[in-house]
Amino acid sequence: MLRNRSVPESTRGRALVGAAAAAVLALTACSPSDGEHTSGGEETPAEKPSGEPDRLTEVDPETVADLEEKRTEEEQGDVSVEISYPAVGGAGPFSEELGRITGRAAEEFADAVPGAESVAVTGTLTAAGGDVLGVRLEQKEKESGEERTGYATYWYDAATGATAYSTQLLAGDEELGELHERVSEILGEQDVDTADLYPIAGMYDSIGFNPDGDLVVEFDEGQVAPAGDGRVHAVVPREEAEPLLSDLGERAQAAATAVTRGFELEAEAAAPKDGAAGEVPGRPAPASSDVDCSDPKAKCIALTFDDGPGGRTPELLDELDEYGAKATFFLTGEPIREHPETVRREYAEGHEVANHTENHPDLTTIGEGEVREELASVSGLIDRETGYRPELMRPPYGATDDTVAGVSEDLGMAEIIWSVDTNDWKDRNSSVVADRAVEGAKPGAIILMHDIHDTTIDAVPDILKRLDEKGFTMVTVSQLLGETEPGEKYFDGEEAVTGKDD
Ligand code: ZN
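Residues numbered from 1 in each chain as written. Predicted model: local features only at pLDDT ≥ 70, side-chain atom pairs only at ≥ 80, totals over all residues. Heavy atoms only, no water.

A. Representation of the overall build of the protein chain in the model. Along the backbone of the protein chain there are 14 helices and 18 strands. Long-range pairs, those at least 24 residues apart, make up 72% of the contacts in the protein chain between residues at least 6 apart in sequence. Accessible area of the protein chain: about 20400 Å², with a carbon and sulfur share of 44%. (Helix = DSSP H or I, 4+ residues; strand = E, 2+ residues; numbered from the N terminus. Contact = heavy atoms within 4.5 Å. Areas by Shrake-Rupley, 256 points an atom, 1.4 Å probe, with all protein chains shown as cover.)

In structure tokens, the structure reads:
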């Protein structure tokens, strides 16, 4: 639940130099194993950190040479916000990222949850060894008298200065998928219903190790099981987990399972530049695709569905899946709160989730502050569900002006209008809707529909079949347009599909 799209990426592979590399190698050589220490004999077995078998390890603050606590308390509107987390000397970029991450999480809670009262984020060190740090954040949210706790763990690679998402402990999307299958089995044995659990970074956002080196995955209260059931977690034995780990994951495991007395980082790393988001397992870059839409033969078009999710959106997702078609969903506030699992599924299945305002007003008739609230709330909601902050918005009725463009730019979103209107809200007739979609289709088209109408859901199988027969490739808006410019307005992708050079 605590996420931030601006977390810089950690680099893959070993990028270690000098003393840092030596420290890691030394640590790897004496990393603890389950029982006896069999290598050489001259080494002493590593001292295990404290922690329960079903919990992430805890670093004793006494073992860290230069450790302080960052602490802020403030009011965001009516919401009181308390944030504290550990800052290790020499890990400036990590502290900065944690400040941004916790601040963003608190802001999203205040923006997106109507009954928000207070939020307290408390960070603790789960690993400090070699050149790796791990901080686990516990976020206690109070809304309308109810309390709920969520967890997120971030990792720091001092060799590169990069802060990593929990899924970056895994070697890639495939390994995240394997972990997800194993976790689903383990939770199933605990009688937890995992139907709404997806292998996305936003759900697998707290991963660490217990003192034995087993992988511990934990989920927010209310995210998988009902909130009253408390913290849901799965412990994956180390021998099953180890083949799934990235290089960072291996080093994190070593750091989490051995106490380093008098721990300190060798040298301050410079903060890295933001990398491509595609490198985070479970968090694909929105424009990334197997299809090259600039190739005219691909005949790319974007189907878009507004005002949902609706009760029958899962049926629509099944249909899209059958054709390998991707779509874009412009979501509004209450439907997201009503069907959060559908939003997660949309995202998990490679569709694009985008912002269509909280209350669906004509944005040109309200003030700038209200426009901001309308958009911030939905971006916060989507991020809290998926771990992804939308990069596209669609103004209701296509009504926009300079104020709307300015706020959209501030919030990092391009404005997406459409080139084909099926008028499916007006003409509740499936064959009419299907005909309009298919007749309007041409490469680069952005087709407007609404997945809250039965007649539209019923029209989709026919639309997909006919577009598929005509050789169209159905992609998301970001896949169609490529990188978009926040605050810019797009009606179609005709330029994108014909190549930008001509
Ligand atoms: Zn709408």
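Past the structure itself, the notes keep going.
B. Quick look at the environment of Leu169. Residue position: Leu169 is located in the loop between strand 6 (162–164) and helix 3 (173–189). The exposure class of Leu169 is buried, given its relative accessible area of 0%. Those residues within four positions of Leu169 in sequence are excluded, and the remaining contacts are Trp155, Ile207, Phe209, Leu244, Leu245, Ser246, Leu248, Gly249 and Ala252. (Buried < 20%, exposed > 50% of the residue type's maximum accessible area, 1.4 Å probe, protein only.)

C. Seen up close, the pairing of strand 1 (residues 67–76). Across 10 bridges, strand 1 lies against strand 2 (residues 79–88) in antiparallel orientation. Looking across to strand 2, one finds that Glu68 is bridged to Ala87. Following strand 1, the chain reverses through 2 residues before pairing antiparallel with strand 2; Gly77 in that reversal takes a positive phi of roughly 65°. (Pairing = 2+ DSSP bridges.)

D. Quick peek at the coordination of the zinc ion. The zinc ion binds to the protein through Asp307 (OD), His356 (NE2) and His360 (NE2), with metal-donor distances spanning 2.0 to 2.1 Å. Of note, the donors binding the zinc ion are all from one chain and are spaced D-x48-H-x3-H. When its relative accessible area of 1% is taken as the criterion, His356 is described as buried. (Donors = N, O, S within 2.8 Å, 3.2 Å for Na, K, Ca; no water.)

E. Highlighting a negative patch on the surface. A surface patch of like charges, here negative, comprises Asp66, Glu68, Glu264 and Glu266. Mapping Glu264 onto the fold places it in the loop between helix 5 (247–256) and strand 10 (300–308). Residue Glu264 is classed as exposed on the basis of its relative accessible area of 55%. (Patch = residues over 30% accessible without salt bridge, like charges linked within 9 Å, V, L, I, M, F, W, Y side chains within 5 Å. Salt bridge = Lys/Arg side-chain N within 4 Å of Asp/Glu carboxyl O. Lys, Arg positive; Asp, Glu negative; His and termini not counted. Charge placed at Lys NZ, Arg CZ, Asp CG, Glu CD.)

F. How the structure looks around helix 10 (residues 402–410). Of all the residues in helix 10, the buried ones are Val404, Ala405, Val407 and Ser408. The buried side chains of helix 10 occupy one side of the element, clustering within an arc of 165° when seen end-on. Seen from the open side of helix 10, the exposed residues pointing more than 90 degrees away from its buried face are Asp402 and Asp410. Residues of helix 10 that are buried sit in contact with helix 9 (368–386), strand 13 (392–393) and strand 14 (414–416). The residue sitting at the N-terminus of helix 10 and contributing the capping side-chain oxygen is Asp401; that oxygen lies 3.1 Å from the backbone nitrogen of Thr403. (Arc of directions from axis to C-beta. Polar contact = N/O pair within 3.5 Å; in protein donor to acceptor, adjacent residues only side chain to side chain.)

G. Focus on the sheet that holds strand 9 (residues 232–236). What the 3 strands build is an open sheet, ordered 7-8-9; its pairing is antiparallel. A strand with exactly one partner marks an edge of an open sheet, and here the two such strands are strand 7 (207–209) and strand 9. Averaged over all neighbouring strand pairs, the angle between strand axes comes to 25°, with direction disregarded. Pairing analysis gives 3 bridges linking strand 7 to strand 8 (residues 215–219), with the strands arranged antiparallel. (Axes fitted to C-alpha atoms, helices over the stretch in contact; angles between N-to-C directions.)

H. Summary view of the pairing of strand 2. Where burial is concerned, most of strand 2 is hidden: 8 out of the 10 residues are buried. In terms of strand pairing, strand 2 meets strand 3 (residues 116–129) through 5 bridges, oriented parallel. Within the sheet, the bridge partner assigned to Val81 lies in strand 3 and is Val119. Read from strand 2 through helix 2 (residues 92–112) to strand 3, the crossover connection turns out left-handed. (Right-handed = clockwise from strand over helix to strand, strands pointing away.)

I. Seen up close, the state of the cysteines. Under the defined criterion, the tally for this structure stands at 1 disulfide. Across the disulfide, Cys293 is cross-linked to Cys300 (sulfur-sulfur distance 2.1 Å). Between Cys293 and Cys300, the disulfide has an S-S torsion of -85° and is therefore left-handed. The burial state of Cys293 is the same as that of Cys300; both residues are buried. (Disulfide = S-S within 2.5 Å.)

J. Local environment of helix 12 (residues 454–469). In a regular helix each residue adds 1.5 Å, so 16 residues correspond to 22 Å; helix 12 covers 24 Å between its end C-alpha atoms and thus fits that length. Residue Val460 marks the point of greatest curvature in helix 12, where the axis turns by about 35°; the proline Pro461 follows within four residues. Taken together, the buried positions of helix 12 are Thr455, Thr456, Ile457, Ala459, Val460, Ile463, Leu464 and Leu467. Buried-residue contacts for helix 12 involve strand 10, helix 6 (313–322), helix 11 (430–440), strand 16 (446–450) and strand 17 (473–474). After helix 12 finishes, the residue Gly471 shows a positive phi value of roughly 85°. (Expected span 1.5 Å × (residues − 1). Bend = angle between axes of the 7 residues up to and from the residue.)

K. Highlighting the nonpolar core. With 70 residues, the main nonpolar core has Leu179, Val183, Tyr204 and Leu303 as its most contacted residues. Examining the composition of this core, we find that 6 residues originate from one element, helix 12, more than from any other. Contacts of Val183, omitting those with residues within four sequence positions, involve Leu197, Tyr204, Val217, Phe219, Ala234 and Val236. (Core = buried A, V, L, I, M, F, W, Y, C linked by side-chain atoms within 4.5 Å.)

L. Structural context of unusual backbone geometry. Between Gly308 and Pro309 the backbone carries a cis peptide bond, its omega angle lying at 5°. Within the secondary structure, Pro309 sits in the loop between strand 10 and helix 6. If you check the backbone angles, Lys299 has positive phi at about 45° while not being a glycine. Examined against the element boundaries, Lys299 turns out to sit in the loop between helix 5 and strand 10. Residues other than glycine seldom take positive phi values, yet Asp307 does so here, at roughly 75°. The topology assignment puts Asp307 in strand 10.

M. Main features of the sheet that holds strand 6. Spatially, 6 strands are ordered 1-2-3-4-5-6 in an open sheet, and the strand pairing comes out mixed. Each edge of the sheet is formed by a strand with only one pairing partner; in this case those strands are strand 1 and strand 6. Neighbour to neighbour, the strand axes of the sheet diverge by 20° on average, direction disregarded. Here helix 5 sits on the sheet in contact with strand 3, strand 4 (132–143), strand 5 (146–157) and strand 6, set at roughly 85° to strand 3.

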